[in-house]
Amino acid sequence: MCGIVAYIGPKEAYPILIKGLHRLEYRGYDSAGVALLNGNLRLYKAQGKVSELENLVSDKDISGNIGIAHTRWATHGEPNDINAHPHFSPSKKLAIIHNGIIENYSTLKSELINRGYVFDSNTDTEVLIHLIEDIQINENVNLVEAVQIALNQVIGAYAIVVISQDYPDMLIAAKKGSPLVIGIGEGEFLVASDATPIIDYTKNVVYLDDEEIAILNRNCELKIKTIKNKDKTPYVHKLEMQLNTLEKGGFEHFMLKEIYEQPRSIKDSMRGRLNAQKGIVSLGGIIDYEMKLINAKRIIIIACGTSWHAGLVGEYLFEDLTRIPVEVEYASEFRYRNPVIYEDDVVIAISQSGETADTLAAIELAKSKGATIIGICNVVGSSIARATHAGSYTHAGPEIGVASTKAFTAQVTILTLMALSIGSKKGTISTSKFYQLINEIENIPEKVEKTLKLSEKIKAIAYEFKDARNFLYLGRGYNFPVALEGALKLKEISYIHAEGYPAAEMKHGPIALIDNEMPVVVVATNKGTYEKVLSNIEEVRARKGKIIAIVTEGDVEVKKLADYVIEIPETQEMLVPILATIPLQLLSYYIAVMRGCNVDMPRNLAKSVTVE
Ligand code: F6R
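Criteria and cut-off values
- Residues numbered from 1 in each chain as written.
- Predicted model: local features only at pLDDT ≥ 70, side-chain atom pairs only at ≥ 80, totals over all residues.
- Heavy atoms only, no water.
- Helix = DSSP H or I, 4+ residues; strand = E, 2+ residues; numbered from the N terminus.
- Rg over C-alpha atoms; globule rule 2.2 N^0.38 Å.
- Buried < 20%, exposed > 50% of the residue type's maximum accessible area, 1.4 Å probe, protein only.
- Contact = heavy atoms within 4.5 Å.
- Areas by Shrake-Rupley, 256 points an atom, 1.4 Å probe, with all protein chains shown as cover.
- Lys, Arg positive; Asp, Glu negative; His and termini not counted.
- Charge placed at Lys NZ, Arg CZ, Asp CG, Glu CD.
- Near = heavy atom within 4 Å.
- Polar contact = N/O pair within 3.5 Å; in protein donor to acceptor, adjacent residues only side chain to side chain.
- 1 Å grid on protein atoms, 1.4 Å probe; cavity = no way out; pocket = protein on both sides within 12 Å on 5 of 7 lines; lining within 4 Å.
- Points joined across faces, edges and corners; volume = space filled by probe spheres on them.
- Nonpolar A, V, L, I, M, F, W, Y, C, P; charged D, E, K, R; others polar.

Draft legend 1. Geometry of the overall build of the protein chain. Across its full length, the protein chain holds 19 helices and 27 strands. A globule of 612 residues ought to have a C-alpha radius of gyration of about 25 Å, and the protein chain, at 25 Å, matches this closely. For the C-alpha atoms alone, the extent of the protein chain along its principal axes is close to 80 × 50 × 45 Å. Burial analysis of the protein chain (612 residues in total) assigns 62% to the buried set. Within the protein chain, contacts between residues separated by at least 24 positions form 71% of all contacts whose residues are at least 6 apart in sequence. Of the roughly 23,000 Å² of accessible surface on the protein chain, a fraction of 49% belongs to carbon and sulfur atoms. Looking at charge distribution, the protein chain has the averaged site of its 65 positive side-chain charges lying 3 Å from that of its 76 negative ones.

Below, the structure written as structure tokens:
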């Protein structure tokens, strides 16, 4: 949600900043801007993608070896040139970029208006930079102190970088709630909202903690203080990210590349954790907390969006394999509804980005009640990974496409391993079932590979339905979350209205929607409830709905009823979500492309939702 990048060092800042903005564009892409300092402070901003900013500056002075840049996902004020970041202070000597929301901005703004200040934009960010300059002048303090004083007055979340014409050898960065990473290069510093713009220059990074301010000097001095002026020692981490994972690698879109990466990403999420020959499933990151899980009276899974769907699969897995009751909660609801949380509850927080504001807040709430928090995150060193007691990284690699694909299958893989590991230690799963499952998990990457080979067939189905206005997705048991995920994927990238339902619920309402124009995707691989799913398909057929069925290879009965069938390899029922999701990802992708949609940057969305 909004991308921040800043540079100070010996090189020209602009090319580094623009390259960084392109890397961060997945976080927000309704406007972009840059401020460069070379004697005077110059600021350029444009509505639209980063390429619009590049067009704008093509005949402008872009010199300077210190600068800040931003790509925006609008919260306060519509996306336009004026509301784009950076924002100037009244004297135009200071500029700021900001990610997050200043919740008390209107109170602060009224006070500043009463003191005679005028604002150009509708943003909370402009209020903050006015406040900083006001403090600097009226309290006669230096810039660092002014930022500290201002941030002590702010309620809400922020990641900011401030640049000043009067301090050409210094950048100030600070954060609370929204992430900020500092890259320590050879005689240079970069600051960014994630490590992707930094990786080209250095692997040494410092993650700022909440309410910390970093002062970056041209003489390579990095000072970190809190906003209460307590000195902190920077802790330097080594990045493990590979540069080639941030490129499209010959695919037309990041989303397609990430769909096709799944055989590898699923393998990576199992690496070192599963040894089927020796009968070992062990997740090193949670080993110290395994007894908590084994003895838990209840597991609460918290997440948002696609990660929440993975959590639903987790509910079925944990209840089947460990017999521990599971509740799956939307983090945004959980955090505000006074939930009952016990000290022997284990909370599993799932997040690809590790930065989702609602999930983070839900974790803090559960932690304050004494629960144990286990994380399942993709981004190493992310805020959620750091806020949890223990956890397992999914190791799916950077996910750039806004629609989550490989992160989902990796999350489900980790949940399966966790449930198997706990179930086997708890004695709630028979030895034969345990071996059947771990042997089959090893086969999953190969079966995903095989499923991906269905793409031409899926493309042909996509062509038939690209102009549909609505879609219904149905599934039962383990396939119910798959139906929800299929519907979410379609609506977010193609803008077709889609609903996911447990198949048997259809007759309690959604059946009214079915006519000969309604495509109904039925995930019909179930063994236990096969006959029942067949009846659901009959109900759709009786109302002339168009049936696209995902079935197990060799299926006979569903084939007789469906208009289109997609056959996926046979596997254990508990592992079907991983395979059955793949055709639904491809179906959404091809429909969206055929409708001319920007699949990697769908409208109104952003990859990392760091605001409420
Ligand atoms: C859907 C999607 C979102 C995210 C949700 C949670 O394709 O990407 O629904 O799943 O915003 O994000 P994370 O997993 O980063 O917490």
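From this point, things continue past the structure.
Draft legend 2. Spatial organisation of the site of the ligand. Among the 15 residues in the neighbourhood of the ligand, the closest are listed as Ser307, Ser351, Ser353, Thr356 and Glu492. In this structure, an oxygen atom belonging to the ligand sits 2.8 Å away from a main-chain N or O atom of Ser404. Side-chain polar atom of Glu492 to an oxygen atom of the ligand: 2.5 Å apart, as the coordinates give it. For the ligand, whose free accessible area comes to 400 Å², the fraction covered by protein is 90%.

Draft legend 3. Representation of empty space enclosed by the protein within the structure. Tallied over the full model, the rule gives two cavities of 30 Å³ or more. Computed from the structure, the largest cavity encloses a volume of approximately 80 Å³. Cys2, Thr75, His85, His98 and Gly100 are, among the 14 residues lining the largest cavity, the residues nearest its centre. Those elements giving two or more residues to the lining of the largest cavity turn out to be β6 (94-99) and α4 (124-138). Class assignment for the residues of the lining of the largest cavity results in four nonpolar, eight polar and two charged. Within this model, the second largest cavity holds a volume of roughly 40 Å³. Lining the second largest cavity are Thr525, Lys527, Thr552, Ile568, Pro569, Glu570, Thr571 and Val576.

Remember that the coordinates give geometry; whether it matters functionally is a separate question.
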